[in-house]
Amino acid sequence: MSASTPQVLRPDRKKHRIGYNIAGLVAFVLMAFPVYWLVISSLRPNAEIRSYDQTLWPSSITFDNFSRAINQPNFGTAIESSLIVCGVAVLGGMLLATIAAFAIGRFRFRGRKFFMIVLLVVQLLPPTAMLIPIYIQLNDLGGLNEYWGVIVIYLVSTLPFATWMIRGFVINIPPELEESAMVDGCSRMGAFWRVTFPLLAPGLAAASIFSLITAWNEYLLAYVVLQDNDKYTLNVWLMNFTTSRGIDYGALMAASTMIAIPVVAFFLLVQKYMATGLTSGAVKG
Amino acid sequence: MSAADMKAADPPVSVPRAPEGADPQLAKNVNRKPRKAGALLPYLLIAPAFVAIAAVFVWPFIKTVIMSFQDVGRRELWSGAAAPWVGFDQFTNILGDSEFWDVVWRTIIFMVVCVFVTMVGGLGLSMIMQRMSTWVRLLLTAALVAAWSMPLLVATSIFRWFADSDYGVINMVLTKYLGIDAQGHNWFLDPKQGFVIIGAVVVWGAIPFVSVTLYAALTQVPKELEEAASLDGAGTTGIFRYVTWPVIKPVFQMVATLSVLWDFNVFGQIFLMRGNKPEPEYSVLGIYSFEKAFESNSFSQGAAISLITVLLLSGVAVYYLRQLLKIGEVE
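- An unreviewed UniProt entry annotates chain B as Carbohydrate ABC transporter membrane protein 1 (CUT1 family) of Streptomyces brevispora.

- The name given to chain A in an unreviewed UniProt entry is Carbohydrate ABC transporter membrane protein 2 (CUT1 family), with Streptomyces brevispora as the source organism.
- Per UniProt, chain A carries the Subcellular location (unreviewed entry) text "Cell membrane".
- We quote the UniProt Sequence similarities (unreviewed entry) comment for chain A here in full: "Belongs to the binding-protein-dependent transport system permease family."

As structure tokens, then:
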């Protein structure tokens, strides 16, 4: 029966495939066009961008937009801010998430379920609802216009998801591995750090990249908390291209391309690590 | 922290799921190693995360509730003076304001339309992805991933440019290729048209997550069942309704719920599209609360509006939680 079924469906499938392919290509064009526009616009001469007669492809290619974007004041400090804020937030977040994930993945204890529900529920709170009290709280603590204020918020806002995700990887690693290390004289935590932690690498990579993308793309909180031009993160700095006199689209697209490339690259990495992480059950064999 | 950020942070598939064998092992493990000094260990391990979450989510939320019964303005904020208690005044003021109800309806309508288009588009796309040739699917997946990982700010700038009255592609295509004279047409003059552009960037940004997740769910539908149904004479709609839908339903509901939450809280797209100063006709709840707090310097009004938003959404949130519990991610 299983041998005959493909033959039943095949002629039908082949006939329809052309239609599905056309629909797929139309969807491809719709989804890809904004990305295409971003890239070609960053390479277009300014005269073409400021033209009343827009064309779908550029007549010539230039790097003027990139040099204008790079020469915009505070480009360097914006990169520095983004790296400091995101780097510290992600590293700190991973540390807290890993030990918390180990706790809920390996132990049964009272309040475990409550903690897990907290992890889910806090992700449902609307970010703008939290903005005002967080702003006031940071003001009271002297955290306005300071990196640490933004770092703490980014760290915690990526924490629930990262914990949830790493927990999934923890329970995929057999506890017997830790037990045998403990038989050999490791403490409970020693066994975790020496045996389980290295095996968690793909999960940590995936969770940290997701956290990094979240932090890298955030701008509202950074916009509200950071007030000095030389403390702006890249996303806040990007607003420099929008002035009351108009928008420098060429430089904006060039700057956006530079900011988006690492995100897209990281995202492609995630896909790979995710696959590795999901098949990491192989250690069970 | 914004909606789109959360989107980027969600895995394409419901990844963290315990394998069937994990729990017995866990229980066995706990039984075999009776707690000596270890009974407190798990609490010590979750303590840092718990304290951090309490400080950044729970305490500000309690603070929102407190503030909404006070009158915190610029003076109280900077001088640290105790804010006067005003009881339910903030709420009665807001609920009695006809502008507020315009904002609520605008938010709901915008959310419903965006969620509908996103879910129908995403489901349709995931279903045709199953049936197209491999090379087309690879091309489409690449475009979806690129769109998915595009920072919100960048995506919004591009769509804003598309709709630019002088240099925009939309007006050019309409005029040059479709013969409609749209030269110099300002899309944001009429908020209805403006919301079409804003909706486009929202839907464009959400479709990848929805279609990739649903595509993953569709691959879980057993081929044999579909084929058996087809042999038994079921048509395409019959197969979908009785075989495919029951399998993908929980994932569909979860994605739809997330979309409701994200689109109800939409902020960045409107804020940026309107150059950080959205006109009153472009206010949705998030914008309205932000403007009341930071532009009018009435932090308590902003807090009260936020609280009403949370209450309006809490029904959906509870539904989402139950869905997760049902799927078995919380054991």
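Moving on from the coordinates now.
**Digging into the UniProt feature "transmembrane region" (unreviewed entry) in chain B**
Argument step 1. UniProt's feature table lists "transmembrane region" (unreviewed entry) at residues 40–62, 103–126, 138–163, 195–218, 251–272 and 299–321 of chain B, given in the numbering used throughout.
Argument step 2. Its end C-alpha atoms 34 Å apart, residues 103–126 of chain B is made of 100% helix and 0% strand.

**What to know about helix α7 (residues 147–170) of chain A**
Residues and elements named next belong to chain A.
Argument step 1. With 24 residues, α7 ought to run about 34 Å at 1.5 Å a step, and its terminal C-alpha atoms sit 32 Å apart, in line with that.
Argument step 2. Along α7, the largest kink reaches about 40 degrees and is centred on Leu-159; proline Pro-160 follows within four residues of it.
Argument step 3. The element α7 is largely enclosed, with a buried count of 21 among its 24 residues.

**Some words on the interface of chain A and chain B**
Argument step 1. Tallying the contact residues gives 118 residues for chain A and 112 residues for chain B.
Argument step 2. Here chain A and chain B share an interface that buries about 10,800 Å² over both sides, 75% of which is from carbon and sulfur atoms.
Argument step 3. When the buried area of chain A at its contact with chain B is split by residue, Met-31, Leu-124 and Ile-132 of chain A rank highest and sum to 7% of it.
Argument step 4. Put simply, chain A and chain B have zero salt bridges between them.

**Regarding the UniProt feature "domain: ABC transmembrane type-1" (unreviewed entry) in chain B**
Argument step 1. The feature "domain: ABC transmembrane type-1" (unreviewed entry), as annotated in UniProt, sits at residues 104–322 of chain B in this numbering.
Argument step 2. Segment residues 104–322 of chain B splits into 77% helix and 0% strand. End C-alpha atoms: 26 Å apart.

**Describing the domain arrangement of chain A**
All names here are of chain A.
Argument step 1. Here chain A is described as being made up of domain 1 (13–61) and domain 2 (73–275).
Argument step 2. Once you take the C-alpha centre of each, domain 1 and domain 2 turn out to be 33 Å apart.
Argument step 3. A buried area of about 550 Å², summed over both sides, lies between domain 1 and domain 2, and 69% of it is on carbon and sulfur atoms.
Argument step 4. At the boundary of domain 1 and domain 2, one finds zero salt bridges.
Argument step 5. The interface formed by domain 1 and domain 2 contains zero residue pairs in polar contact (both at pLDDT 80 or more).
Argument step 6. Those elements that place two or more of their residues in the side of domain 1 that touches domain 2 are α1 (5–42) and α2 (46–49).
Argument step 7. When residues in the side of domain 1 that touches domain 2 are grouped by element, the largest group, three residues, is from α1.
Argument step 8. In terms of residue class, the side of domain 1 that touches domain 2 is built from two nonpolar, three polar and one charged.

**Here's the deal with the pattern of salt bridges**
Argument step 1. A full pass over the atoms with the stated rule returns six salt bridges over all chains.
Argument step 2. Asp-248 of chain A is the salt-bridge partner of Arg-68 of chain A, the closest N and O atoms lying 2.9 Å from each other. You can see Arg-68 of chain A sitting in helix α3 (residues 64–71) and its partner Asp-248 of chain A sitting in the loop between β2 (246–247) and α13 (249–278), a full 180 residues away along the chain.
Argument step 3. What makes Arg-68 of chain A partly exposed here is its relative accessible area of 29%.
Argument step 4. The class of Asp-248 of chain A is partly exposed, set by a relative accessible area of 26%.
Argument step 5. Here Glu-279 of chain B makes a salt bridge to Arg-274 of chain B, at a shortest N to O gap of 2.8 Å.
Argument step 6. The buried category is assigned to Arg-274 of chain B, whose relative accessible area is 17%.
Argument step 7. When salt bridges that share partners are traced, they join Arg-106, Glu-178 and Arg-188 of chain A into one network.

About the criteria used
- Residues numbered from 1 in each chain as written.
- Chains lettered and ligands numbered in written order.
- Predicted model: local features only at pLDDT ≥ 70, side-chain atom pairs only at ≥ 80, totals over all residues.
- Heavy atoms only, no water.
- UniProt positions renumbered as here; feature names shortened; annotations may be inferred.
- Helix = DSSP H or I, 4+ residues; strand = E, 2+ residues; numbered from the N terminus.
- Expected span 1.5 Å × (residues − 1).
- Bend = angle between axes of the 7 residues up to and from the residue.
- Buried < 20%, exposed > 50% of the residue type's maximum accessible area, 1.4 Å probe, protein only.
- Contact = heavy atoms within 4.5 Å.
- Buried area = accessible area lost by both parts, 1.4 Å probe.
- Salt bridge = Lys/Arg side-chain N within 4 Å of Asp/Glu carboxyl O.
- Domains from an automatic or database assignment.
- Polar contact = N/O pair within 3.5 Å; in protein donor to acceptor, adjacent residues only side chain to side chain.
- Nonpolar A, V, L, I, M, F, W, Y, C, P; charged D, E, K, R; others polar.

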